[in-house]
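Observations on the model geometry
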Amino acid sequence: MNEVATTPAQKSATTPAEDALKEKTRDAGAAIEAAPRLQETDGFHLVIDALKLNGIDTIFGLPGIPITDFTRKAQAAGMRVISFRHEQSAGYAASIAGYMTQKPGVCLTVSAPGFLNGLTALANATTNCFPMILISGSSEREVVDLQQGDYEELDQLAIAKSLAKAAFRVLHADDIGVGIARAIRAAVSGRPGGVYLDLPAKLFPQTIDAEAGKRSLIKVVDAAPRQIPAPDAVQRAIGLLKTAKRPLIILGKGAAYAQADADIRALVEKTGIPYVPMSMAKGLLPDTHEQSAAAARSYVLPAADVVMLIGARLNWLLSHGKGKTWGGKNAKDWGGQKFIQIDISPQEADSNVRIDAPVVGDIGSCVSAVLAALGPSWSKPPADWLDAIAERRNKNIGKMAEALAKNPTPMNFHSALNVVRDIVKANPDAILVNEGANALDFTRSIVDMYKPRKRLDVGTWGVMGIGMGFSVAAAVVSGEQVIAVEGDSAFGFSGMEVETICRYNLPVCVVIMNNNGVYRGDEVNPTGAADPSPLVFVKDARYEKLMEAFGGVGVKATTPTELREALDEAVRSRKPTLINAVIDEGAGTESGRITSLNPTAKKK
Ligand code: ADP
Ligand code: TZD
Ligand code: MG
């Protein structure tokens, strides 16, 4: 047992509130002082042992009552405990660790406010199909349920239920094994998602016989069982694909998550079908692949006749599979495409438009079944379709090259991101984290990815605040260099975590696309009063000094040359670095690429 000595400061006089807290946690405190007797174990150790038994070696969290000692004991037991400045970042970190590793990422928080801070990330994990477990300590059940006003009182389980894929509470130490096992299974099986696990303060110091405790733990067997697609569903899909004159494959982040990279590539290349990667599926095949139709997206979506979705939903990001994007006459009009959808969720099909050939199963099993069923003599799509795509693609790539070659003063998104594009090309193992509006959309279209699961971004919700949490987790989980391209607004949601990055000395380089505001920095208060517009920030803010405050490297870059030097050096040194890239404050557009989703007043 790792005993923690009481320092003189801790012995000094306490306030009544502190005394009350001590009183509240007396039970837990007693367990800290007295290690369980030889033949006993306790809740603290059973949770740690259950996680470790299941290969979970990292916890992202923030200490406090009632889980402070848990964080110490987990570290003492050899787990990696990454401590954040805000639970939301810890939660995002856990969720993306889950996405990258297929093991549920664990976020640990205190009760009520800490739990709520972590809950946004849990809901975001569920929405994005990332496997994650939010473990929150909670206050005394009797007091919470009678609403008698406990320290950090909240009925956390009830709140979590509506936002999590599953939610559990463990009241007795001998149920910890089952609780952790259920949480793991729920997080990673079927469609992955966020799971909440409520652990009341009283659980941690509960002691039970050590042998019985050991026997109560469960090593989960086959946590995410393969789900083999029905042969007739595969045949139906192949039959439809054979009729296509203008076939298209869309790869989503479910395909990236599945880690079936070689088979997905084989399917694309064997069929010769052009493909479009969704944002986080970029790099599943290199963006420079000759079959990538990403640069001709606005041509291929309406023109395709049969579309095979692999781990991508027909949600808003694909205009719900209908409307003008797909060649429909109005927003609700079906464009006439037939869809094949490969997905693990049997309920996903028909959620927006008719799916003619759903193939339900895990992507690895589905893609290999489709590959096997293609047969030896599969003919490539008609040349006129491929030629038409190539023509659009080359034209758009040419236009992009022109835009990237310009060198305006101040920098715009293109001239700055051209540098990031080169550095990612030279360092294809680097992980790119990305959030913002223009800072997001321009990065997605300008920076090519070369390897799977290297691009981590705002996902299905378009949520701001993932930046530093994702960066920390990506560096911790992979050990690779992380480059986080952040809008200045986006960065503000989790900026304090630069201290976390410095504390753990992580190879993270944050590049802020600083245009002085949300979308743009040039808006003014129409009344002429002193308050600035709600959309702008302090002009010429020196974000790089934030990194310097904690011992990292801060650089202000006003030209592509300065940006390149700083980014090169960051990647070479692997030091925590923040580059404040000064961008023309008039360069962006409202909401980036999704201006049309903005309700605006008709009456001016
Ligand atoms: P994108 O935003 O990239 O379009 P989505 O998050 O909308 O991707 O879609 C991901 C889809 O992948 C979800 O419908 C989910 O059910 C599915 N999915 C996730 N993991 C797997 C898996 N291992 N096998 C099959 N489908 C999966
Ligand atoms: N809050 C949360 C949690 N998520 C959001 N998506 C928003 C608010 C709204 N929002 C966007 O959709 S993008 C954005 C906000 C506030 C910031 C855009 O400004 P930026 O990027 O500086 O990050 P650009 O480059 O200036 O466009
Ligand atoms: Mg901005």
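Preceding this section is the structure that the text describes.
The rules behind the values
Residues numbered from 1 in each chain as written. Chains lettered and ligands numbered in written order. Predicted model: local features only at pLDDT ≥ 70, side-chain atom pairs only at ≥ 80, totals over all residues. Heavy atoms only, no water. Helix = DSSP H or I, 4+ residues; strand = E, 2+ residues; numbered from the N terminus. Rg over C-alpha atoms; globule rule 2.2 N^0.38 Å. Contact = heavy atoms within 4.5 Å. Areas by Shrake-Rupley, 256 points an atom, 1.4 Å probe, with all protein chains shown as cover. Lys, Arg positive; Asp, Glu negative; His and termini not counted. Charge placed at Lys NZ, Arg CZ, Asp CG, Glu CD. Core = buried A, V, L, I, M, F, W, Y, C linked by side-chain atoms within 4.5 Å. Buried < 20%, exposed > 50% of the residue type's maximum accessible area, 1.4 Å probe, protein only. Axes fitted to C-alpha atoms, helices over the stretch in contact; angles between N-to-C directions. Parallel < 35°, antiparallel > 145°, perpendicular 65-115°, else oblique. Left-handed = near helix turned anticlockwise from the far one by under 90°. Phe/Tyr/Trp six-rings, centres within 6.5 Å; stacked < 30°, edge-to-face > 60°. Lys NZ or Arg CZ within 6 Å of the ring centre and 35° of its normal. Near = heavy atom within 4 Å. Polar contact = N/O pair within 3.5 Å; in protein donor to acceptor, adjacent residues only side chain to side chain. Nonpolar A, V, L, I, M, F, W, Y, C, P; charged D, E, K, R; others polar. Pairing = 2+ DSSP bridges. Salt bridge = Lys/Arg side-chain N within 4 Å of Asp/Glu carboxyl O. Patch = residues over 30% accessible without salt bridge, like charges linked within 9 Å, V, L, I, M, F, W, Y side chains within 5 Å.

With respect to the overall build of the chain
A tally of regular secondary structure across the chain gives 24 helices and 19 strands. Against the compact-globule benchmark of 25 Å for 604 residues, the chain has a radius of gyration of 26 Å, which places it among compact chains. For the chain, the spread of C-alpha atoms along the principal axes amounts to about 80 × 65 × 50 Å. Within the chain, counting contacts between residues at least 6 apart in sequence, those at least 24 apart form 76% of the total. Accessible surface computed for the chain: about 25,600 Å², of which carbon and sulfur atoms make up 54%. Taken together, the 66 basic and 66 acidic charged side chains of the chain have centroids lying 7 Å from each other.

Points about the nonpolar core
Grouped together as the largest cluster of nonpolar side chains are 88 residues, with contacts concentrated most on F60, I310 and L456. Residue contributions to this core peak at eight residues, all from helix 6 (residues 87-101). Excluding residues that lie within four positions of it along the chain, I310 makes contacts with I249, I250, L251, G252, A255, L267, I342, I363 and V367. F44, F70, F168 and F204 belong to the second-largest nonpolar core, a separate cluster that totals 39 residues.

Let's talk about the packing of helix 6 against helix 20 (residues 467-478)
Between helix 6 and helix 20, the shortest axis-to-axis distance is 7 Å and the interhelical angle comes to 45°. Considering their axes alone, helix 6 and helix 20 lie oblique with respect to each other. Crossing handedness for the pair helix 6 and helix 20: right-handed. For the pair helix 6 and helix 20, the contacting residues are S89, Y92, A93, S95, I96, A97, M100 and T101 in the first and G469, F470, A473, A474, V477 and S478 in the second.

Notes on the packing of aromatic side chains
Enumeration over the complete set of coordinates arrives at eleven aromatic pairs. On the basis of an interplanar angle of 55° and a centroid distance of 5.9 Å, the ring pair of F70 and F204 is categorised as tilted. With a gap of 134 residues between them, F70 in helix 5 (residues 68-76) and F204 in the loop between strand 7 (194-200) and strand 8 (207-209) connect regions that are remote in the sequence. The buried category is assigned to F204, whose relative accessible area is 1%. In textbook terms, an aromatic cluster arises when at least three aromatic residues are bridged by ring pairs, as seen for F44, F70 and F204. The ring of F44 carries the charged tip of K73 above its face, separated from the ring centre by 4.8 Å. Taking the ring centre of Y299 as reference, the NZ or CZ of R392 above it sits at 4.0 Å.

Points about the site of ligand 1
By nearness alone, 19 residues border ligand 1, and R191, K253, R313, D343 and I363 come closest of all. K253 places a polar main-chain atom, nitrogen or oxygen, 2.7 Å from an oxygen atom of ligand 1. Between ligand 1 and the protein, one listed contact pairs a nitrogen atom with a backbone N or O atom of I363 at 2.9 Å. In isolation ligand 1 has 580 Å² of accessible area, and contact with the protein removes 96% of it. Take the shell around ligand 1: its biggest share by element is three residues, from helix 13 (residues 253-257). Of the residues contributing to the shell around ligand 1, the split by class is eight nonpolar, six polar and five charged.

Here we look at the packing of helix 18 (residues 413-426) against helix 24 (residues 560-573)
Where helix 18 meets helix 24, the closest approach of the two axes is 9 Å, and the angle between their N-to-C directions is 30°. The orientation of helix 18 with respect to helix 24, classified from their angle, is roughly parallel. Relative to helix 24, helix 18 is oriented so that their crossing is right-handed. Each of S415, A416, V419, V420, D422 and I423 in helix 18 lies in contact with helix 24, whose residues at this interface are P560, L563, R564, L567, D568 and V571.

As for the pairing of strand 13 (residues 357-360)
Burial of the side chains of strand 13 is restricted to one face: A357 and V359 are buried, whereas none of P358 and V360 on the reverse face is. Here strand 12 (residues 338-343) pairs with strand 13 via four bridges, running parallel. Within strand 13, the residue paired with Q341 across the bridge is P358.

A short note on the sheet that holds strand 16 (residues 482-487)
Hydrogen bonds between backbone atoms are what pair the strands of a sheet, whose relative direction is either parallel or antiparallel. Read from one edge to the other, the open sheet built from six strands follows the order 15-14-16-17-19-18, with strand pairing classed as parallel. A single partner strand is all that each edge strand has here, and the edge strands are strand 15 (455-457) and strand 18 (553-557). If you compare each strand with its neighbour and ignore which way they point, the axes differ by 15° on average. Relative to strand 19 (residues 577-582), strand 17 (residues 508-514) runs parallel, the two sharing six bridges. For I512, the partnering residue across the bridge sits in strand 19 and is N580.

Remarks on the pattern of salt bridges
Inspection of every chain in the model, using the stated rule, returns 26 salt bridges. Ionic pairing is found between R542 and E544, a salt bridge with its closest N-O pair at 2.5 Å. Judged by its relative accessible area of 40%, R542 is partly exposed.

A word on the sheet that holds strand 13
Sheet architecture is open: five strands sit in the order 10-9-11-12-13, paired in parallel fashion. Two strands close off the open sheet at either side, each with one partner strand: strand 10 (275-277) and strand 13. Strand after strand, the sheet turns through a mean of 15° between neighbouring axes, direction not considered. Packing of helix 16 (residues 363-374) onto the sheet brings it into contact with strand 11 (306-310), strand 12 and strand 13, and relative to strand 12 it is tilted by some 130°.

A word on a nonpolar patch on the surface
On the surface, W316, I594 and L597 cluster together to form a nonpolar patch covering roughly 270 Å² of accessible area. In this structure, W316 sits in the loop between strand 11 and strand 12. Taking relative accessible area as the criterion, W316 reaches 31% and is therefore assigned partly exposed.

Looking at the site of ligand 2
In the vicinity of ligand 2, 17 residues are found, and the nearest of them are N438, G462, D488, S489 and N515. Here M464 contributes a backbone N or O atom positioned 3.2 Å from a nitrogen atom of ligand 2. The side chain of D488 places a nitrogen or oxygen atom 2.6 Å from an oxygen atom of ligand 2. Starting from 600 Å² of accessible surface for ligand 2 in isolation, the protein chains cover 75%. Per element, the largest residue contribution to the shell around ligand 2 is three residues, and it comes from helix 21 (residues 488-492).

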